[in-house]
Amino acid sequence: MELKTLPLSHPKTKPQDEGKLSFGQIFTDRMFVMEYQTGKGWHSARIEPYGPFSLDPACAVLHYAQEIFEGLKAYRRPDGKVALFRPADNIKRFNRSAVRMCMPEVDEEFFLGAIKELVRLEADWVPHNEGTSLYIRPTMIATDPYLGVKPSDTYLCYVIMSPVGAYYKGGFSPVKIWISDQFVRSAPGGTGEAKTGGNYAASLRASMEAAAKGFDQVLWLDAVERRYVEEVGSMNICFYLDGKVITSPLHGTILDGITRRSILTLIKDMGIEVEERALSVDEILEGARSGRLKEAFGTGTAAVVSPVGQFTYRDETVSVGGNQVGELTLKLYETLTGIQYGHRNDPHGWIELI
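A count of helical and extended segments in the protein chain gives eight helices and 18 strands. Taking 354 residues into account, the globule formula puts the C-alpha radius of gyration at 20 Å, and the protein chain, at 21 Å, falls close to it. Projected onto its principal axes, the C-alpha positions of the protein chain cover 60 × 50 × 35 Å. Carbon and sulfur atoms make up 49% of the accessible area of the protein chain, which amounts to about 15,900 Å² in all. Computed over 39 positive and 45 negative side-chain charges, the inter-centroid distance for the protein chain is 2 Å.

Of the residues making up helix α7 (residues 281-290), those classed as buried are Val281, Ile284, Leu285, Gly287 and Ala288. Buried residues of α7, seen end-on, are gathered within an arc of 165° and therefore sit on one face of the element. Where α7 terminates, the next one or two residues include Gly291, which has phi positive at roughly 90°.

The next point concerns the nonpolar core. Core analysis: the largest hydrophobic core is formed by 49 residues, its most contacted members being Leu219, Phe239, Ile267, Ile284, Leu293 and Phe311. Discounting residues that sit within four places of it in the chain, Ile284 has contacts with Leu219, Val229, Phe239, Leu279, Leu293 and Phe311. Core analysis: the next-biggest nonpolar cluster, separate from the first, contains 35 residues, Leu112, Leu118, Val126 and Tyr155 among them.

This part is about the layout of surface pockets. A volume near 1,100 Å³ is recorded for the largest pocket. Phe23, Tyr167, Thr301, Ala302 and Ala303 are the residues nearest the centre of the largest pocket, which is lined by 47 residues in total. Of all the elements in the fold, those that place two or more residues in the lining of the largest pocket are β5 (72-76), β7 (133-142), α4 (197-201), α5 (204-212), β10 (217-221), α6 (258-269), β15 (293-300) and α8 (327-341). Taken together, the residues of the lining of the largest pocket sort by class into 19 nonpolar, 20 polar and eight charged. Each pocket or cavity is described by its volume, and for the second largest pocket that value is around 210 Å³. What lines the second largest pocket is a set of 13 residues, and nearest its centre among them are Tyr167, Val175, Asp216, Gln217 and Ser306. Among the secondary structure elements, those contributing two or more residues to the lining of the second largest pocket are β9 (175-180) and β16 (304-313). Considered class by class, the residues forming the lining of the second largest pocket number seven nonpolar, five polar and one charged.

Counting buried residues along strand β8 (residues 154-164), ten of its eleven residues qualify, which places the element largely inside the surrounding structure. Relative to β8, strand β2 (residues 30-37) is paired through six bridges, and the arrangement is antiparallel. In the strand pairing of β8, Tyr36 is matched with Tyr155.

Here we come to the pattern of salt bridges. Once their charged atoms are close, side chains differing in charge can pair, the charge on each being opposite to the other. This structure, assessed with the given rule, holds 23 salt bridges. The partner of Arg96 in a salt bridge is Asp256, and the shortest N-O contact between them spans 3.3 Å. With Arg96 in helix α2 (residues 87-100) and Asp256 in the loop between β13 (244-247) and α6, this pair connects stretches of sequence that are 160 residues apart. Using a relative accessible area of 41% as the deciding quantity, one classes Arg96 as partly exposed. The salt bridge involving Arg292 is made with Asp242; its shortest N-O contact spans 2.6 Å. In this pair, Arg292 is assigned in the loop between α7 and β15 and Asp242 in the loop between β12 (236-241) and β13, connecting sequence segments 50 residues apart. In this structure Arg292 comes out as partly exposed when scored by relative accessible area, which is 32%. Using a relative accessible area of 45% as the deciding quantity, one classes Asp242 as partly exposed. Here the salt bridges do not stand alone but share partners, grouping Arg86, Asp89, Arg96, Asp256 and Arg261 into one network.

Definitions and limits used
- Residues numbered from 1 in each chain as written.
- Predicted model: local features only at pLDDT ≥ 70, side-chain atom pairs only at ≥ 80, totals over all residues.
- Heavy atoms only, no water.
- Helix = DSSP H or I, 4+ residues; strand = E, 2+ residues; numbered from the N terminus.
- Rg over C-alpha atoms; globule rule 2.2 N^0.38 Å.
- Areas by Shrake-Rupley, 256 points an atom, 1.4 Å probe, with all protein chains shown as cover.
- Lys, Arg positive; Asp, Glu negative; His and termini not counted.
- Charge placed at Lys NZ, Arg CZ, Asp CG, Glu CD.
- Buried < 20%, exposed > 50% of the residue type's maximum accessible area, 1.4 Å probe, protein only.
- Arc of directions from axis to C-beta.
- Core = buried A, V, L, I, M, F, W, Y, C linked by side-chain atoms within 4.5 Å.
- Contact = heavy atoms within 4.5 Å.
- 1 Å grid on protein atoms, 1.4 Å probe; cavity = no way out; pocket = protein on both sides within 12 Å on 5 of 7 lines; lining within 4 Å.
- Points joined across faces, edges and corners; volume = space filled by probe spheres on them.
- Nonpolar A, V, L, I, M, F, W, Y, C, P; charged D, E, K, R; others polar.
- Pairing = 2+ DSSP bridges.
- Salt bridge = Lys/Arg side-chain N within 4 Å of Asp/Glu carboxyl O.

Structure representation (structure tokens):
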């Protein structure tokens, strides 16, 4: 399939103060678009000026939520070059989500090439300030104008990009977590491992209640026993307990995070044992009380690593590591962001220059 680049006649004014960048509110001049039709496959791939789509009111995505997306970033390096972090892994996960949601897979090599070309054309939108980046959002939606519960025969795939500010504007500090035993994020056999919008919509009620109680995020427990840890907010979570790092296994209910994979690799590089197993809320509370639980942290694209200072479960609140950023947590954050921004060596070949 040929990738066409359409002319851009009216470029936008780029942000003047990168220190005021937020998340996902400003978008670049161009976007990538292609369409799919059963029997024809993917077609009409192009990079065109950013703009709205025209969708039929009966469009399948609006009624039955057949939709997937991804999230990755482009980073400005000290020499001025732009780099992507493990983009091929994001595209592989995009296709796994597509299979789960009965949507067509993309050609991974072509799609990666299209994203790289889009970033190359929009390289001036990649901010320069420390901690800033260009957020990249590949998306696929079902477009059949049909009211009926079935996979669509037509799809729209597109990539939009947004310059975003540093995540920790107020400093790298521990967050307060509410452990919910009422709401669940996903259930066995569900769509928890797919990056689909319905998973995030289902999390909003619990997140709002947590915020109203003064917490930063929700820690999700399993849907069956409401006992075992799964994710925190929209991030994977790790616990530094008894000298090893424990995290939930990938068994279909949690997202296979690219940052999670990278962090676990770095932990092993440091000679620390990693254990992927079900960890109960009782173990977390007891570990915090006794001091066996030294650190806890979330991992994800937006924050990279997010230190946890305390957990609240029902009527009990426990602190972790004296509510301070742990030594391992900080080292992991500095190591991974150092690789992403080009301040450290990349021993695993995760970086792809544009």
